[in-house]
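If you want the building blocks of each chain, they are given just below.
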Amino acid sequence: MTCSFAWDDAGLPAWGTAPRANFWLALDQNGPWGARAFTQSRLDPAIGAAIEAEVLAAGGRPLLIRRPSSHVDRPEDPERQVYLAGGLDGRPWLLGGTITTPEEVLQLPFDRLAAGDPDALVAEFGWLKRLEGGVLLVCANGKRDLCCAVRGRPITLELERQYPGRVWECTHTGGHRFAPTGLLLPSGQSLARLTPETGLAALRAADAGLLASATFGPWHDRGRGHLEPACAVAEAWVRELTGETDPAALAAAESGDAGIEVRHDDGRSWLVRLAIEDHPEQLPESCGKAAVAARSWTVVDASLVERAEAAVT
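Residues numbered from 1 in each chain as written. Predicted model: local features only at pLDDT ≥ 70, side-chain atom pairs only at ≥ 80, totals over all residues. Heavy atoms only, no water.

1. Let's talk about the pairing of strand β6 (residues 135–139)
In summary, the side chains of a regular strand alternate between the two faces of the sheet.
So, point 1. By the criterion of burial, β6 is predominantly enclosed, with five of the five residues buried.
So, point 2. Residues Val135, Leu137 and Cys139 point to one face of β6 and Leu136 and Val138 to the other, with burial holding for every one of them.
So, point 3. Bridge count for β6 against strand β8 (residues 182–185) is four bridges, and the pairing is antiparallel. When the bridges of β8 are listed, Leu136 appears paired with Leu184.
So, point 4. The sheet contact formed by β6 and strand β7 (residues 167–170) spans four bridges and is parallel. Pairing of Leu137 across the sheet is with Trp168, part of β7. (Buried < 20%, exposed > 50% of the residue type's maximum accessible area, 1.4 Å probe, protein only. Helix = DSSP H or I, 4+ residues; strand = E, 2+ residues; numbered from the N terminus. Pairing = 2+ DSSP bridges.)

2. Let's talk about the packing of aromatic side chains
So, point 1. Inspection of the entire model under this criterion finds two aromatic pairs.
So, point 2. Look at Trp7 and Phe178: their rings are 5.6 Å apart centre to centre, the planes differ by 75°, and that puts the pair in the edge-to-face class. Residue Trp7 is found in helix α1 (residues 3–10), and its partner Phe178 is found in the loop between β7 and β8; the two are separated by 171 residues along the sequence.
So, point 3. The class for Trp7 is buried, based on a relative accessible area of 1%.
So, point 4. Both rings, one in Tyr83 and one in Trp168, keep their centres 6.0 Å apart while their planes meet at 80°; by these two values the pair is edge-to-face. With a gap of 85 residues between them, Tyr83 in strand β3 (residues 80–86) and Trp168 in strand β7 connect regions that are remote in the sequence. (Phe/Tyr/Trp six-rings, centres within 6.5 Å; stacked < 30°, edge-to-face > 60°.)

3. Comments concerning the pattern of salt bridges
So, point 1. Under the defined criterion, the tally for this structure stands at 15 salt bridges.
So, point 2. Two residues, Asp207 and Arg166, come together in a salt bridge whose shortest N-O distance is 2.5 Å. Taken together, the residues Asp207 in helix α5 (residues 196–207) and Arg166 in the loop between α4 (146–162) and β7 connect sequence positions 41 residues apart.
So, point 3. Asp278 is paired through a salt bridge with Arg295; the nearest N and O atoms lie 2.9 Å apart. With Asp278 in strand β13 (residues 268–278) and Arg295 in strand β14 (residues 295–306), this pair connects stretches of sequence that are 17 residues apart.
So, point 4. A relative accessible area of 54% means that Asp278 is categorised as exposed.
So, point 5. Accessibility expressed as a relative area gives 48% for Arg295, which makes it partly exposed.
So, point 6. Each of Asp8, Arg151 and Arg193 takes part in salt bridges that share partners, so that together they form one network. (Salt bridge = Lys/Arg side-chain N within 4 Å of Asp/Glu carboxyl O.)

4. So, the environment of Gly116
So, point 1. Locating Gly116 in the fold gives a position in the loop between β4 (93–99) and α3 (118–124).
So, point 2. Exposure remark for Gly116: the relative accessible area of 15% places this residue in the buried category.

5. Brief notes about the nonpolar core
So, point 1. Of all hydrophobic cores here, the largest spans 24 residues; its most connected members are Leu25, Leu27, Ile51, Leu84, Val105, Leu108 and Phe110.
So, point 2. Elements with a contribution of two residues or more to this core: β1 (24–28), α2 (45–57), β3 and β4.
So, point 3. When neighbours within four sequence positions are excluded, Phe110 is seen to be in contact with Phe23, Leu25, Glu54, Val55, Ala58 and Val105.
So, point 4. Membership of the second largest hydrophobic core comes to 17 residues, among which are Leu63, Leu88, Cys139 and Cys170. (Core = buried A, V, L, I, M, F, W, Y, C linked by side-chain atoms within 4.5 Å. Contact = heavy atoms within 4.5 Å.)

6. Some details on the pairing of strand β11 (residues 250–254)
So, point 1. Pairing of β11 with strand β12 (residues 260–264) involves five bridges; the strand directions are antiparallel. Residue pairing for β12: Glu254 is matched across the bridge by Ile260.
So, point 2. Counting the residues that bridge the hairpin from β11 to β12 gives five residues, and of these Gly256 lies at a positive phi of roughly 60°.

7. Some thoughts on α1
So, point 1. For α1, the set of buried residues is Cys3, Ser4, Ala6, Trp7 and Asp8.
So, point 2. Immediately downstream of α1, the backbone of Gly11 shows phi near 70°, a positive value.

This is the structure we're talking about:
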């Protein structure tokens, strides 16, 4: 049995498994991808390695993307799409544009992208512009894990028909065991067990600058990658509890031994205590690999704290 079907059958939650990233960079690279796509594709491996290294060093996460409909090279169209998403711990923003050579990506100020001013970036780089709405990237890197291609690619083809130009196949985002996996930009929310319905809901909500409540809960919500795993779990739990769809409305931080405090901008605050549970059976985390101990986050207890100074309505 492939890894994702084994984890589906076990019913294990996806909370807290989002890939860590303070910003995201996605670069269009058509054609086949190897398991290490930035150096195993038709992208010059020296350029790919440099992009990957510099983005990771700055706390970001790089991805290659390609159109779902065809992977055939387009020599008549040398332009490559680029997406940048930042501001994840506040009001997320998305920039996009096209370049003709991948080397142009290396000119970006990676150290400024996490909390950078998007308008300043647009002014500095004429090929970038502010984008409204969002884009959905779905992992389809079959050389990294079979589940991602078998379960991810059909989702992109179906969603592309309804949201042309807004859905892309992408390289490894981790969590093969939760395939098909998706990444929503600009929010940085990672999605598990993606369906056409949850994908459409995510894109529609992104058009309004929101998260989709249909993606909340431990089955679909891997969390937002700018948060440490425990904070991401606590925030995701509160989102499911309250139905809060504004990405900027909640803030999570460790509160010593007491657990994780999740604050709402209306003044409410929750104290969430977590634990990691062992599943009784070992499961493969990736196709073709041996089964290992399966572990997942769980909420032990949580309490609502009303702040006296808050004007809760």
